Amino acid sequence: MQNVRMQTQNNSFLDGLRTIVGASHVLTDDLGFYELDWRKKYHGKALAVVKPANAGEISQIIKLCAAHRISIVPQAGHTSLVGGSVPNESGEQLVLNVARLNAIRAIDLVNNTMTVEAGCILQTVQETATAHDRLYPLSLAAEGSCQIGGNIGTNAGGVQVLRYGNTRELIMGIEVVLPSGEILESLRGLRKDNTGYDLKQLFIGAEGTLGIVTAAVLKLYPKPRATQTVIVGLQSPTAALKLLNLMRSHLAERLTAFELISALSLSLVLKHIPGQRAALADQFPWYVLLEANDSQSIAQLELAMQTALEEAFEAELIQDAVLSKNETEAKQFWGLRENITEAQTIESKNIKHDISVPISKIAEFIERTDALLEAKYPGVRIVNFGHLGDGNLHYNIAHPVATHTEASWFALYEEVNELVHDSVHHFGGSISAEHGIGQLKREQIKRYKSDTELKVMRAIKAALDPLGIMNPGKVI
Ligand code: FAD
Ligand code: MLT
Ligand code: ZN
């Protein structure tokens, strides 16, 4: 009886959805793609997937969901690494996919802004900016699939944060449908606006728990006229940190990326990704991929880079370096960095981390945490790489082959996680630098955030989403 009643309620809900968006935009079969996360770690079951076309439709959907007490999982490009865009296993949640909101609404070349909808793919936005002789600097390996709504939902970081900041710094206005169904429209694109709380910031990084972002005003930059991409081989993270300082003193704000790659991380790319080849002839324990750009001439940039590298050689900070000769070669260098995630997935499952500590502490963090892990799990394989220039590492731990299988290693998931995260905490760091909390770290933040921080977060959630229908089970 209970089941029949639920079925009838669900049918009336689905009919309501079809009336709002049209039957062809309500999916109930073959939902595999929408229910499984990118890492294939979380496999949920959705009541349906709805694909609205605009904020007005989303507003009606949310009101319908509130009336039926059905919760919503906002989904954009579905590349979340923390299970943020996957429904739970109840079969009772609605996945609201924003891919159809994919218009570029406006470009203002004087204000240097682009107004886009949440379903625009990041790469399309970058290409549109380039076509207008501008730069939208957010850049990450998932850029061919991830969408602006998801970038905003996660406050995505990526490989150019050093120069341009996280997504948070790149958003000048937002349109969001609240859990009440009201549309909060703030797409003015103002560079100065001190009229009270900066509401847009609440929704950036909220991982869909406070509302559904439908559009945003993005900040554009001048398109660089010259770019230099370099890979260096070096002996230690300490040397890499000194190099970062040296590069900054020569290149200042022109330094856009400073990525650390361990020898193991690089070897996995060379082993598993077709078409990749080492940039340097010799092997080193560590590598740094760095990039600088200039909105003026290449000559000045080349001179500054050359001088910096010479100084780094003389100080014995680096043992080898290669500069890309052209854009194709620069892309090859980036392939070595951006394919690490894919390569390590092919090699074996990893206990992944996305941590940050103050940049000045990063070498100490690596030394201490490596030693703790090696002492407890001899032979452990640490796939360490990341955005050193931002103090952010992807410090991923694969099983020691002599003593563990993947399965026995994953039985230690929480223990290994705690060891790494306690070490992060020891250095005053964060257990999620850029990927968010999602469902992966929901329990763990309770250990590292203060009671007051959690209380304020819960109060904001309760104020905006009293029925708890917006992505429940994620973040808090
Ligand atoms: P989704 O996965 O669909 O959603 C992400 C979160 O945002 C979910 O919680 C979802 O509910 C919420 N959300 C989605 N749409 C909306 C919306 N319209 N309104 C409100 N909330 C919404 N991340 C980095 O930060 N830096 C990296 O360098 C990086 N590299 C990556 C490399 C690879 C190979 C992969 C697979 C992922 C990487 N990521 C990285 C993680 C991921 O790509 C980013 O978090 C990205 O911003 C997610 O965008 P998406 O469109 O796929 O969002
Ligand atoms: C990266 O920087 O490549 C990503 O954040 C992906 C990852 O952590 O694996
Ligand atoms: Zn990253």
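Further up the page is the structure itself.
So, how was this worked out
Residues numbered from 1 in each chain as written. Chains lettered and ligands numbered in written order. Predicted model: local features only at pLDDT ≥ 70, side-chain atom pairs only at ≥ 80, totals over all residues. Heavy atoms only, no water. Donors = N, O, S within 2.8 Å, 3.2 Å for Na, K, Ca; no water. Helix = DSSP H or I, 4+ residues; strand = E, 2+ residues; numbered from the N terminus. Buried < 20%, exposed > 50% of the residue type's maximum accessible area, 1.4 Å probe, protein only. Near = heavy atom within 4 Å. Polar contact = N/O pair within 3.5 Å; in protein donor to acceptor, adjacent residues only side chain to side chain. Areas by Shrake-Rupley, 256 points an atom, 1.4 Å probe, with all protein chains shown as cover. Nonpolar A, V, L, I, M, F, W, Y, C, P; charged D, E, K, R; others polar. 1 Å grid on protein atoms, 1.4 Å probe; cavity = no way out; pocket = protein on both sides within 12 Å on 5 of 7 lines; lining within 4 Å. Points joined across faces, edges and corners; volume = space filled by probe spheres on them. Expected span 1.5 Å × (residues − 1). Arc of directions from axis to C-beta. Contact = heavy atoms within 4.5 Å. Pairing = 2+ DSSP bridges. Axes fitted to C-alpha atoms, helices over the stretch in contact; angles between N-to-C directions. Parallel < 35°, antiparallel > 145°, perpendicular 65-115°, else oblique.

Trainee: Describe the coordination of the zinc ion (ligand 3), naming the residues involved and giving the relevant values.
Mentor: In the first shell of the zinc ion (ligand 3), the protein supplies His387 (NE2), His394 (NE2) and Glu434 (OE), at 1.9 to 2.1 Å from the metal. Read in sequence order, the donor residues coordinating the zinc ion (ligand 3) give the pattern H-x6-H-x39-E. Of this pair, histidine 394 sits in strand β18 (residues 392-398) while glutamate 434 sits in the loop between α16 (413-426) and α17 (445-448); the two residues are 40 residues apart in sequence, bridging distant segments of the chain. Take histidine 394 and glutamate 434: they sit in the same class, and that class is buried.

Trainee: Run through the site of ligand 1, naming residues and quoting values.
Mentor: Among the 35 residues in the neighbourhood of ligand 1, the closest are listed as Pro74, Ala76, Gly77, Thr79 and Gln147. Glycine 158 places a main-chain nitrogen or oxygen 3.3 Å from a nitrogen atom of ligand 1. Contact with the protein chains hides 97% of the accessible area of ligand 1, taken as 980 Å² for the molecule alone. Of all the secondary-structure elements, those providing two or more residues to the shell around ligand 1 are β3 (72-75), α5 (148-154) and β10 (212-219). Partitioned by chemical class, the residues of the shell around ligand 1 number 13 nonpolar, 20 polar and two charged.

Trainee: Outline the layout of surface pockets, listing residues and values.
Mentor: When its volume is computed, the second largest pocket comes out at roughly 750 Å³. Of the residues forming the lining of the second largest pocket, the biggest block, four residues, is contributed by helix α18 (residues 451-464).

Trainee: Run through helix α11 (residues 298-314), naming residues and quoting values.
Mentor: One turn of the α-helix equals 3.6 residues, which is why residues spaced by three or four share an orientation. Spanning 17 residues, α11 covers 24 Å between terminal C-alpha atoms, matching the ideal 24 Å at 1.5 Å per step. Residues of α11 that are buried include every one of Leu301, Ala304, Met305, Ala308, Leu309 and Ala312, and no others. Taken around the axis of α11, the buried residues stretch over an arc of 125°, which confines them to a single face. Set apart from the buried face of α11 by more than 90 degrees, the exposed residues are Gln300, Leu303 and Glu314. Of the surrounding secondary structure, the elements contacted by the buried residues of α11 are β12 (226-234), α9 (237-251), β14 (286-294) and β15 (320-323). Positive phi shows up at glutamate 316, right after α11, with a value of about 60°.

Trainee: Please provide a residue-by-residue account of the pairing of β18, values included.
Mentor: With seven of its seven residues buried, β18 lies for the most part within the structure. The two faces of β18 match: Asn392, His394, Asn396 and Ala398 on one face and Leu393, Tyr395 and Ile397 on the other face are all buried. Pairing geometry for strand β16 (residues 355-356) and β18, over two bridges, is antiparallel. By the bridge assignment, isoleucine 355 is partnered in β18 with leucine 393. As paired strands, strand β17 (residues 381-387) and β18 are joined by seven bridges and run antiparallel to one another. Paired with phenylalanine 385 across the strands is histidine 394, a residue of β18. Hairpin connection between β17 and β18: a loop of four residues separates the two successive antiparallel strands, and glycine 391 in this loop has a positive phi of roughly 70°.

Trainee: Hey, could you go over the sheet that holds β10 for me, with residue numbers and the actual values?
Mentor: The strand order across the open sheet formed by five strands is β5-β6-β10-β8-β9, and the pairing between neighbours is antiparallel. The open sheet has two edge strands, β5 (104-108) and β9 (183-186), and neither has a second partner. Each adjacent strand pair in this sheet contributes to an overall mean axis angle of 15°, direction not counted. The pairing of β5 with strand β6 (residues 113-117) spans four bridges and is antiparallel. Note on β6: the bridge partner recorded for isoleucine 107 is methionine 114. Most of the contacts of helix α3 (residues 55-68) go to strand β8 (residues 171-177), to which it runs at about 45°, and overall it touches β8, β9 and β10.

Trainee: Go over the sheet that holds β3, please, and point to the residues and values.
Mentor: Judged by pairing direction, the sheet is mixed, and its four strands sit side by side in the order β1-β2-β4-β3 without closing on themselves. The open sheet has two edge strands with one neighbour each: β1 (26-27) and β3. Where β1 and strand β2 (residues 46-50) come together, two bridges link them in antiparallel fashion. Across the sheet, the residue bridging to valine 26 is valine 50, located in β2. Contacting β2, β3 and β4 (93-97), α3 runs over the sheet at an angle of about 175° to β4.

Trainee: If you had to explain the site of ligand 2 to someone new, which residues and values would you point to?
Mentor: What surrounds ligand 2 is the set Leu81, Arg337, Thr341, Lys352, Phe385, His387, His394, Glu434 and His435. Threonine 341 places a side-chain nitrogen or oxygen 2.7 Å from an oxygen atom of ligand 2. In the environment of ligand 2, an oxygen atom lies 2.7 Å from a nitrogen or oxygen atom belonging to the side chain of histidine 435. Contact with the protein chains covers 87% of the free accessible surface of ligand 2, which is 270 Å². Class assignment of the residues belonging to the shell around ligand 2 gives a composition of two nonpolar, four polar and three charged.

Trainee: Tell me about the packing of helix α10 (residues 263-272) against helix α13 (residues 340-347), and name the residues and values.
Mentor: Relative to each other, α10 and α13 sit at 75°, their axes nearing to 8 Å. With respect to their mutual orientation, α10 and α13 come out roughly perpendicular. Across from Ser265, Leu268, Val269, Lys271 and His272 in α10, the residues of α13 making contact are Ile340, Ala343, Gln344, Ile346 and Glu347. Partitioned by chemical class, the residues of the contact of α10 with α13 number five nonpolar, three polar and two charged.

Trainee: An account of the side chain of aspartate 294 is needed here, citing residue identities and associated values.
Mentor: Of note, aspartate 294 is situated in strand β14. Given the relative accessible area of 6%, aspartate 294 is considered buried. Of note is the side chain of aspartate 294, whose polar atom sits 2.7 Å from the backbone nitrogen of glutamine 296. Those residues in contact with aspartate 294 that sit more than four places away from it in its chain are Pro224, Arg225, Ala226, Arg254, Gln300 and Leu301.

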